[in-house]
Structure formats: structure tokens, C-alpha cells
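This is what each chain is made of:
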Protein chains: 2
Amino acid sequence: MSRIAPEQLEHFIQQLFLGADVSPEVASVVSRVLVEGDLLGHHTHGVKLAQGYLRDLRSGHAKGQAASLQVVRQSPAAVLYDADYLLGPYCVEQALDFTAQAARTFGIGVATIRRSHHIACLAAYLQRYTEQDLIPLVLTSDPAVASVAPHGGLDPVYTPNPLGIGIPTGEKPILIDVSMSTITNGLVNKTHQAGGQLEHAALIDQDGQPTRDTTTFFATPPGAILPLGSLEFGHKGFALGTLVEALTAGLGGFGRKDGVKQWGAAVTVLTFDPAFFGGVEELKAEMDHFVAACLESRPRVAQSPVRMPGHAGIARRAKAFEQGLELPEDVLAALRTAASEAGSDWPF
Amino acid sequence: MSRIAPEQLEHFIQQLFLGADVSPEVASVVSRVLVEGDLLGHHTHGVKLAQGYLRDLRSGHAKGQAASLQVVRQSPAAVLYDADYLLGPYCVEQALDFTAQAARTFGIGVATIRRSHHIACLAAYLQRYTEQDLIPLVLTSDPAVASVAPHGGLDPVYTPNPLGIGIPTGEKPILIDVSMSTITNGLVNKTHQAGGQLEHAALIDQDGQPTRDTTTFFATPPGAILPLGSLEFGHKGFALGTLVEALTAGLGGFGRKDGVKQWGAAVTVLTFDPAFFGGVEELKAEMDHFVAACLESRPRVAQSPVRMPGHAGIARRAKAFEQGLELPEDVLAALRTAASEAGSDWPF
């Protein structure tokens, strides 16, 4: 197969979720967010995830009904949800919609979601809000998984704990989606299946040595992902991972202490309305100035000029709408399996 | 000289600021915050800064009157201040007090300060709020300084852009204070004065090579500090530095685009009240579980077990109250000069 029209892919994914008894509004958001992940180039966190989501729906480890998302407590600027493992993209978008509205009234809104199912690609949520001249921020951890070692330690304790933030500018928005570890679980898994040598020594083995070899991660006892900053400056990545842990599982009051075993996410989202603060035009002018200064910084390697976070993804996205979306083999294989397991025809 | 009682040091610093026509409430907060920085072990960001603050007060580049802090816009959960270069610690504490009160009502509060003077050590602000079972978060950048290169670039564009966050636990709070770059401007300056070799290759020279040699930083054209993540993962540190830039200078609408030349800070602070979300006891239990798991992670180097951010500082602080505070020679020299420039006696 060659390239797939994004709309067709989204329709196909949506049908798979509808076939698994997922509410139409949930299936709609989840399929849109998954495809958006691939459009931006995050193929480990795009439609490849549908297979696992559908398996969890069948086993009851994920919920598909919108009513599973319950408000526990609410103020005009903040809300705590319990999601009972409803598919994460729907929960996150509901939470961001709440905070966007709160931000327009108060300048800021915040929402914490406990017991969400997995929330896919953080960058995929952002443009919906930057297009409204807002700044959305998403933080997440997974209390069921331990893959990153604290700085100075060998045993994995927590997750890559990523954050995503969208920043409006006068031109393309800045879309940030980074983990507080050197690399993500998804990259370790993908690399392991593809031969096992990472580009950089992002893992620590049981002898305390940094390594590119992913087999250490699957050994007994397991190796671990290093915090961002690696051995030299890993105290900073560890501190940032702790920040995300506290603002997600800590703030929600549900996490590792509860012995969670199923795939899921603790999530906190915030939205800032720059119109309340220094003004939308001032924000954009300030960020345009910053972007220009960054792009003017002479490149370290002549053929690799400085790139702003998200701009490569936005270009990829535009190209996919023109020429169709090209999916890597591992993603196609996962989709074919998902279709087969759902008893659906493979349409591409 | 040997050790100084913290209270005596604070009184001395306070008198220097009062002598420079600083409002009593401002002098009180600034001297307390500066000493607190040293108590926690952040000697580059403690009382050593008094000399520069006093010089800026004399030249009119810093203001000392509390009335300089003006509310530009306010909602029940958010505020934008303009500080007209009032000494930063007073501005930050006023902002945090506002957000703490908002958080108790709404779950969250946020404040942005534009045109603050320098705000010293971020960790020094936090315990006042963790002791109230709140989570304070401080972000800052300095629009007048460019010392960090964007990932892939050679020319410095922005500042280390640190953040600080305090997290209550059942025992000692977690106090995080980290820059989004490998190291801070303060460390580069201090190392340069002390011989010029950094512990790690945290700078990039004009040939694009990472280096420990600080002379590159003061060359023409200058080298730069690498983003957190260094060459391999510096796109993440650059993204996080961009986040802080957007939420401080961007949100406040005043920054690099305005051609700022004087020492100062763009600041945003947030406070979360866990009582509104999953509950204070649940947050503490979750973080206690996390801390225990981190401390149980077998150490990479047997004699260096995992440490939680801020715990070494808290131990240092307790020791200083018992035995007196020991200040490094460069700090004492700066203090003596400050006293001499102010025409004050040296009391220690």
C-alpha cells in the first residue's frame, strides 16, 4: 500500500471504535487525536495505539462510554474528574475545553483527571487551542508503569512523564511534546523490535553503565531509562519528572500508592488566556521575536539549522493532507492486526 | 571569620537595604529570601546578590518602594503585575500570596509579573507555601540576557529559564529549583573566576564543540550554555526553555522584543491547592510512596544513594541554624564590598 488520505484513516479508526461499543462522541475524538499524532509524525503515539485500546475495551480494562467521565469537584476555574479508565483522548479534550472556557473568564483554568485510560500523543491536542489564541498545557504520568530510574539509582520507579504545550505565534504555533526522560517507553519498544540499538546511550544497565542496547531494559532485573540530563545533569530531569508526578498522580490523589496495574494515565491540563495577561498580540510579537532569534542562531552543523519545536510536524501534517499520509510498517502491521481482531475488513 | 547566625546575617542585609531607602516591608522580604538561598546551599543566588541589587538601587536600575508593584489586571484567580523593576523577592512573594489565596478558593491561582528586578533563588520561596499544604510553582526568564543557545545553534538567545516547585509530603517537602539549561549563568561566572574549568562540558564553543572551558563564554563572539539534554537530547531542554520563555515574557507581553537592557526578570507563579483536588493527605501519601520508591532504587554508586530534590538543602538549613551559616569566600568578599560601598561597618 502507499499513502492514505487522513480522512479515510480517521473514518476507519472511528469505525473500529464504534464497533467496540464506544460512544459516538468518544470514538470521534479518539480517532481524530490518534490520526493527528501520525500527521505530526509521532508514529509511536498515533493510530498504532488503536490495537491496544481496542484490546483493553474488549477485556474491560478501558471504557468507551462518555458517561464514565465524572466530575468529582468543580470551581469556576478548576475541576477534578474521575474517568474510570475511559479512553484518554476524550477525557483530555473535555478537560481542555473546560479549562479553555475558564481561562477566557479568569485568565486560567486547570483540570485533573484521575483514572484516565492512556492519552496518546500530547502534541495532537494543542492546535485546537492555539487556533483560539490560548496556551494549552498537558502533563501526564502512568501510575501502572515504572521505566525511568531516579537520578543516581538503578531501579526504574516512574514513567517518562511528558508534557505538551502549545504557544500561539504570528505564524505557525510552537507545539512542544517532550518527556522528562532521555527517551520514551514507545521508542525503547520500537527500537527493541527493530534490532535493539538506540541512537544514543539513553538507558542505564544493571552495572550502572549508560547503554544503547535495549536488551538491558527487558532483562531481569530490568535496566531503566535515564532521566533527561543523563548521568551528568540527570538531577534536573529527575526533578522535572517529580514535578509531573506531583501535578498529575499527586494532585489527583490516585497513583502508585494504590497499586495500579492497568494501563492508564494521571493527567493535569491547564489553559492560559494571554488576552487576560499581556495581550494576544503582545504574546505573538514576543514569541515571533524569540523564534526569529533562534532561527538566526548560526547552526552548529551547516545543513541542520535550528528548528522550533513542532514546526517539522506541522510541515509533515500539511504534506500528508496534500499527498496522503505514509505510515511506517510497524504501524500498518498493528492496524491490520487490530482490524483482524475486530473482524473488520482491511480497506487500504 | 567563622560561622554567622542566620538571624544576624539577615539583620545585616536588611540594614543595607534600609540604608538604600528601600521600604521596610521590601527590605524585610528581600533580606529573608536572600539569606534563605544561602541556608539551602544556593550560594550563587543568596546574599552574594545584595551587592548587585544595591548598586542597581543607587543607579536607579532597581526600585525599592513597595508602591512600584502595580496591578495591571486582576480576576479572582489571576493577576498581571507591572513592577517597574522593584526588587524581585518582594514581588514574587506578593504574587505567591495572591495565588495562595486564590488557590484556597478556586483550586488554582496564577500571577504574572512584568518588569520585575532579579528574583534570586527560586527554592527560597517554596517552604512558606508547602507548610500551608499548597504547591507553589515559580517560572522566570531575564529578557535582558542571552546566554543559552537553542538546540542546534551556536549563538546564545535566551536565559537558563529556571523553574521552582514545592511539593508537600508527609515528612520533608520536595523543593525543586532547576534551570532548563545544563548549568546557570551564576555557575559559569563563579567557575570563570575560580580557574575556568567546569565539571562537565556544559558549554558550546564557536566551533560547535561542547567544552568545560569557561573562556569560550566570554570570547567574541561568545560561546553559549547548552540546553538541558546537551547535544544528544538538547531539543528537550530547548523546548522546556521555550515553555518558560512563553509563560513568563510571552504571557506578560514584555520581553526581548522590547530591547530590554537592564537586569530584571519576567516571572509567572502558580499555586495549586491539593485540598481542592484529590486531597492533602492523598497527595502526601502519594508523594511519600514515590519518595520511598526512589530512595529504595539501588544506587549506581554505593556511597551515593538517591537523593530527593531539596532534601540536602533542608539538611544544610537545619545545620546552619544549629551551628551558624558558613559562607564561601566569594560570597564574603561580595558582602564586604557591598558594606563598604554602602558606607556600613562590617559586623562579623
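Data block above holds the structure.
Presented here is an overview of the structure given in this document. (Residues numbered from 1 in each chain as written. Chains lettered and ligands numbered in written order. Predicted model: local features only at pLDDT ≥ 70, side-chain atom pairs only at ≥ 80, totals over all residues. Heavy atoms only, no water.)

1. A closer look at the relation of the copies chain B and chain A
- Between chain B and chain A, which share one sequence, the superposing operator has a rotation angle of 180° and an axial displacement of 0.0 Å; the RMSD is 0.0 Å. Both copies are brought into coincidence by an operation consistent with a two-fold rotation axis. Measuring from the rotation axis to each C-alpha of chain B, the shortest distance belongs to Gly229 of chain B, at 2.4 Å. (Least-squares fit on C-alpha atoms with pLDDT ≥ 70 in both.)

2. Notes on unusual backbone geometry
All names here are of chain A.
- Looking along the chain, the bond that leaves Thr220 and enters Pro221 is cis, with omega of -10°.
- Its place among the elements puts Pro221 in the loop between strand E8 (210-211) and strand E9 (224-225).
- Residue Asn161 is not a glycine yet carries a positive backbone phi of 50°.
- Residue placement: Asn161 occurs in the loop between strand E4 (135-141) and strand E5 (163-167). (Helix = DSSP H or I, 4+ residues; strand = E, 2+ residues; numbered from the N terminus.)

3. As for the interface of chain B and chain A
- Each partner contributes to the interface: chain B provides 93 residues, whereas chain A provides 93 residues.
- Buried surface at the junction of chain B and chain A, summed over both partners, amounts to about 7400 Å²; 73% is from carbon and sulfur atoms.
- With its nearest N and O atoms 3.1 Å apart, the salt bridge here joins Lys257 of chain B to Glu282 of chain A.
- Applying the counting rule to chain B against chain A returns 38 residue pairs in polar contact (both at pLDDT 80 or more).
- No other element matches the 18 residues that helix H7 (residues 230-252) of chain B contributes to the side of chain B that touches chain A. (Contact = heavy atoms within 4.5 Å. Buried area = accessible area lost by both parts, 1.4 Å probe. Salt bridge = Lys/Arg side-chain N within 4 Å of Asp/Glu carboxyl O. Polar contact = N/O pair within 3.5 Å; in protein donor to acceptor, adjacent residues only side chain to side chain.)

4. Some thoughts on the pairing of E5 of chain A
Residues and elements named next belong to chain A.
- A large share of E5 lies buried, amounting to 5 of its 5 residues.
- Residues Leu163, Ile165 and Ile167 point to one face of E5 and Gly164 and Gly166 to the other, with burial holding for every one of them.
- Pairing between E4 and E5: 3 bridges, direction antiparallel. Paired with Leu137 across the two strands is Ile165, which belongs to E5.
- Judged from the 5 bridges that link them, E5 and strand E6 (residues 174-178) form a sheet pairing that is antiparallel. Paired with Gly164 across the two strands is Asp177, which belongs to E6.
- Counting the residues between successive antiparallel strands, the hairpin from E5 to E6 contains 6 residues. (Buried < 20%, exposed > 50% of the residue type's maximum accessible area, 1.4 Å probe, protein only. Pairing = 2+ DSSP bridges.)

5. A short note on the sheet that holds E6 of chain A
All names here are of chain A.
- Here 7 strands make up an open sheet; going across it, the order is E1-E2-E3-E10-E4-E5-E6 and the pairing mixed. One side of each edge strand has no neighbouring strand; the edge strands of this open sheet are strand E1 (70-74) and E6. Direction aside, the axes of adjacent strands within the sheet are offset by 15° on average.
- Bridging between E1 and strand E2 (residues 78-82) involves 4 bridges; their strand directions are antiparallel. Within the sheet, the bridge partner assigned to Val71 lies in E2 and is Tyr81.
- Of the strands in this sheet, E2, strand E3 (108-116), E4 and strand E10 (265-272) are in contact with helix H7 (residues 230-252), which crosses E4 at around 80°. (Axes fitted to C-alpha atoms, helices over the stretch in contact; angles between N-to-C directions.)

6. A few points about the pairing of E10 of chain A
Residues and elements named next belong to chain A.
- Across the 8 residues of E10, 8 count as buried, placing the element largely inside the fold.
- On E10, burial covers both faces: Ala265, Val267, Val269 and Thr271 on one face and Ala266, Thr268, Leu270 and Phe272 on the other are all buried.
- Pairing analysis gives 7 bridges linking E3 to E10, with the strands arranged antiparallel. Across the sheet, residue Ile113 finds its bridge partner in E10, namely Val267.
- Judged from the 7 bridges that link them, E4 and E10 form a sheet pairing that is antiparallel. For Val138, the partnering residue across the bridge sits in E10 and is Val269.

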